[in-house]
Amino acid sequence: MHAKPARKSRYREDLSETPDWMKKKKCPHRDQYMSGQRILPKNICGKEKLADLVDATFLAYNGARLNESCQLFTGKMLEADVTVGMSLSGALTPAGMGCSSIVPLIKAGFVDWIVATGANLYHDMHFALNYPVRVGSFKFDDTALRENDIVRVYDVLMGYSDCLMATDEILREILVQPEFQKEMGTAELHYLIGKYCAEWERKAGLKDVSVLAAAYRAGVPCYTSSPGDSTIGMNVAGVELRGNKLRLNPAVDVNETTAIVLAAKRGGGKSAVVLWGGGSPKNFMLQTEPQIQEVLRIKEYGQDYFLQVTDARPDTGGLSGATPSEAVSWGKVDPDRLPDAVVCYTDTTIAMPILTHYALSRHKPRKLRRLYDQRARVMKALTKEYFTHNKVRMLDGSKPVLD
Ligand SMILES: NC(=O)c1ccc[n+]([C@@H]2O[C@H](COP(=O)([O-])OP(=O)(O)OC[C@H]3O[C@@H](n4cnc5c(N)ncnc54)[C@H](O)[C@@H]3O)[C@@H](O)[C@H]2O)c1
C-alpha cells in the first residue's frame with residue numbers, strides 16, 4: 001500500500017514563501033483594504049472618558065456604526081454652515097430622552113429643526129407639568145395596571161388620571177385660548193404650547209426638562225408629520241366639537257420644512273438629517289428634497305448628510321428601514337454624499353445619550369439659528385424660486401406677488 005499523497009491545497013502560509021514583488025502582483029489592492037485601524041484596543045480600566053471609550057473600543061458591527069455616527073455628527077454635521085434637522089419617533093420622551101439628550105442638543109445649537117411624532121411632544125408635557133413618569137417593568141400585569149389607574153409604555157409607567165388625563169385637561173384649557181383661534185402649521189402650534197411649557201417648568205422650579213419649552217426658548221421649530229395621531233391631535237379634535245377655531249394645515253408644514261432645506265443649500269451651506277427611529281417623521285423630514293425636485297421642479301441634489309438609528313430592516317420595503325442608498329433613488333440624498341451616510345442598528349435609548357455626550361464633549365456650542373423666526377423669510381425665498389423655475393401663474397390667473 002502506498003501512502004496517500006499529501007493534499008495540494010493552498011495554505012495561506014504558502015504566501016510567506018512568495019517573494020514580495022509577487023505578493024503585490026497577486027493582491028494589488030491589499031494595502032488599501034487593510035489600511036484600517038488595527039483592532040487591538042487597550043484593556044478597559046474604568047477610568048476612561050465616554051468619548052474616548054467610543055473612539056478606542058467601538059470598532060466593529062453596530063458599535064462601529066455608533067462610533068461613525070458620533071464622528072459624522074460631531075465632525076461634519078456640526079460645522080457652522082450645516083443646518084441640522086432631527087426626526088424623533090419611538091417612545092423617546094417617556095423614556096427620559098427629552099431631558100437627558102434632546103434638550104441639551106437644542107441648547108447647544110446642535111439641532112436646528114425637529115420633526116417628531118405628536119406622541120413625543122404630548123408626553124413631553126408631563127415633564128413640564130411636573131407629573132412624574134416612572135421606571136416600571138415590562139413584566140407587570142397589564143390588567144392589574146389598568147385596575148390601578150396606570151398606563152404602560154414597555155417598562156415606563158405613568159398615571160392615567162393624575163398624569164395623562166390631567167395633562168389633557170390642561171392642554172384643552174390652553175387650546176381654547178385666543179392665540180390658538182386660527183389656521184396654523186404645527187411649528188406654530190408647538191411654539192405656542194412651548195411657551196406654556198416654559199412657564200410651567202418655571203413655576204414648578206424645574207429647569208430644562210421639556211423639549212417643547214427648550215425649543216420655544218431656542219426658536220427651534222418643531223413639526224409633527226401626523227397632527228391627528230397623538231393625544232395632542234385628539235384634544236385638538238375634542239375642543240373642535242365645542243366650536244374651537246384652531247385648524248392645523250399640514251401643507252404649511254410641508255412647505256416650511258422644504259423652505260428650510262432649500263434655504264440651507266441656497267445660503268451656500270449644507271443640509272443634514274439625523275433620524276432617530278423611522279415612522280412618518282423620517283419620511284416627513286426626507287420628503288423635503290422630493291418636494292423641491294419633483295413637485296416644485298427646482299433643481300437640487302438631495303441631503304448632504306444622513307444619519308439614522310433604527311431597529312427596522314430594509315428588506316420588508318418599510319420606510320423605517322429604508323437605507324440612504326434607497327433614498328438616493330428618490331432624490332432624498334445626494335449620491336455624491338453616500339460615503340457620509342451612516343445607519344446604526346440599535347436602540348435610540350442607547351445611542352442618543354452616547355452621541356449627545358460625545359458631541360457635547362468634543363464640539364463647542366453653535367450659535368442658535370432660530371429658524372422659527374426665519375419661517376417667513378425662507379418661505380418667501382422658496383416661493384420666489386418656485387415661480388422662477390415654473391412658468392405658472394396664480395390659479396385665479398393673476399401674477400404671483402413675490403416681494
Ligand atoms: N399618547 C400618544 O399621543 C401616543 C400616540 C402614538 C403612540 N404613542 C406611544 O408611543 C410609542 C411609539 O409610537 P411611534 O408612533 O413613535 O411609532 P413606533 O414606535 O412604531 O416608531 C416608528 C419606527 O421607529 C423605529 N423605532 C421605534 N423605537 C425605536 C427605538 N427605541 N430605537 C430605534 N428605533 C426605534 C421602529 O423602526 C419603528 O418602526 C407607542 O408604543 C405608544 O405607546 C403614544
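Predicted model only: the values in this text are computed from it and were never measured.

Attention now moves to the overall build of the chain. Regarding its fold elements, the chain presents 17 helices and 11 strands. Here the C-alpha coordinates of the chain stretch approximately 100 × 65 × 45 Å along the principal axes. Counting all 403 residues of the chain, 46% fall into the buried class. When the accessible area of the chain is evaluated, it comes to approximately 21700 Å², of which 55% is carbon and sulfur surface. Of the charged side chains in the chain, 53 are positive and 47 negative, and the gap between their average positions amounts to 7 Å.

A few words now on the sheet that holds strand E4 (residues 150-153). Whenever strands of a sheet pair, they do so through backbone hydrogen bonds, lying parallel or antiparallel. Within the open sheet, the three strands sit side by side as E3-E5-E4. Their pairing is antiparallel. In this open sheet, the two strands that pair with only one neighbour each are strand E3 (133-135) and E4. Strand-to-strand twist of the sheet, defined as the mean angle between neighbouring strand axes without regard to direction, takes the value 30°. In terms of strand pairing, E3 meets strand E5 (residues 156-159) through three bridges, oriented antiparallel.

With that settled, the discussion passes to the pairing of E5. A two-sided burial pattern is seen for E5, the buried positions comprising Val156 and Met158 on one face and Leu157 and Gly159 on the other. Judged from the four bridges that link them, E4 and E5 form a sheet pairing that is antiparallel. Opposite Val153, over in E5, you have Val156 as the bridge partner. Between E4 and E5, which pair antiparallel in sequence order, lie two residues; one of them, Tyr154, sits at a positive phi of approximately 50°.

Our focus in this paragraph is the nonpolar core. If you look at the biggest cluster of nonpolar residues, it comprises 70 residues, and the most contacted ones within it are Phe73, Ile106, Ile114, Ile193 and Trp276. One finds Leu262, Leu286, Leu296 and Tyr372 within the second-largest nonpolar core, a separate group that totals 26 residues.

Glancing now at the pattern of salt bridges. With the rule as written, the count across this model stands at 25 salt bridges. Salt-bridge contacts for Asp52 lead to Arg362; the nearest nitrogen and oxygen are separated by 2.5 Å. With Asp52 in helix H3 (residues 50-57) and Arg362 in helix H16 (residues 348-362), this pair connects stretches of sequence that are 310 residues apart. The class of Asp52 is partly exposed, set by a relative accessible area of 37%. Where Lys207 meets Asp208, a salt bridge forms, and the shortest distance between an N and an O atom there is 3.3 Å. Among the charged side chains, a salt-bridge network with shared partners connects Lys76, Lys265, Arg266, Glu289, Glu300, Asp304, Arg337, Asp340 and Glu385.

This part covers the site of the ligand. Every one of the 20 residues lining the ligand counts as a neighbour, but Gly90, Thr231, Gly278, Asp311 and Thr348 are closest to it. Between an oxygen atom of the ligand and a main-chain N or O atom of Gly278, the distance comes to 2.8 Å. Here a nitrogen atom of the ligand and a backbone polar atom of Thr348 are 2.9 Å apart. Isolated, the ligand exposes 820 Å² of accessible area, and the fraction of that covered by the protein chains is 65%. Per-element tally for the shell around the ligand: the top contributor is helix H6 (residues 118-128), with three residues. Residues of the shell around the ligand, tallied by class, amount to five nonpolar, 13 polar and two charged.

Once that is clear, we can look at unusual backbone geometry. Positive phi outside glycine occurs at Asp208, with the angle close to 55°. Examined against the element boundaries, Asp208 turns out to sit in the loop between helix H9 (186-203) and helix H10 (211-218). You will see that Arg370, though not glycine, has its phi angle at about 50°, which is positive. Along the polypeptide, Arg370 turns up in the loop between H16 and helix H17 (375-389).

Turning next to the sheet that holds strand E11 (residues 341-345). Spatially, the six strands line up as an open sheet ordered E7-E2-E1-E9-E10-E11, and their pairing is parallel. Each edge of the open sheet is held by one strand with a lone partner, namely strand E7 (222-224) and E11. Along the sheet, successive strands turn relative to each other by an average axial angle of 15°, direction set aside. Both strand E1 (residues 82-88) and strand E9 (residues 270-276) contribute to a ladder of seven bridges, which runs parallel. Opposite Val82, over in E9, you have Lys270 as the bridge partner. Across the sheet, helix H12 (residues 250-266) is in contact with E1, strand E2 (113-116), E7 and E9; its angle to E7 comes to roughly 135°.

Procedures and definitions
Residues numbered from 1 in each chain as written. Predicted model: local features only at pLDDT ≥ 70, side-chain atom pairs only at ≥ 80, totals over all residues. Heavy atoms only, no water. Helix = DSSP H or I, 4+ residues; strand = E, 2+ residues; numbered from the N terminus. Buried < 20%, exposed > 50% of the residue type's maximum accessible area, 1.4 Å probe, protein only. Areas by Shrake-Rupley, 256 points an atom, 1.4 Å probe, with all protein chains shown as cover. Lys, Arg positive; Asp, Glu negative; His and termini not counted. Charge placed at Lys NZ, Arg CZ, Asp CG, Glu CD. Pairing = 2+ DSSP bridges. Axes fitted to C-alpha atoms, helices over the stretch in contact; angles between N-to-C directions. Core = buried A, V, L, I, M, F, W, Y, C linked by side-chain atoms within 4.5 Å. Salt bridge = Lys/Arg side-chain N within 4 Å of Asp/Glu carboxyl O. Near = heavy atom within 4 Å. Polar contact = N/O pair within 3.5 Å; in protein donor to acceptor, adjacent residues only side chain to side chain. Nonpolar A, V, L, I, M, F, W, Y, C, P; charged D, E, K, R; others polar. Contact = heavy atoms within 4.5 Å.

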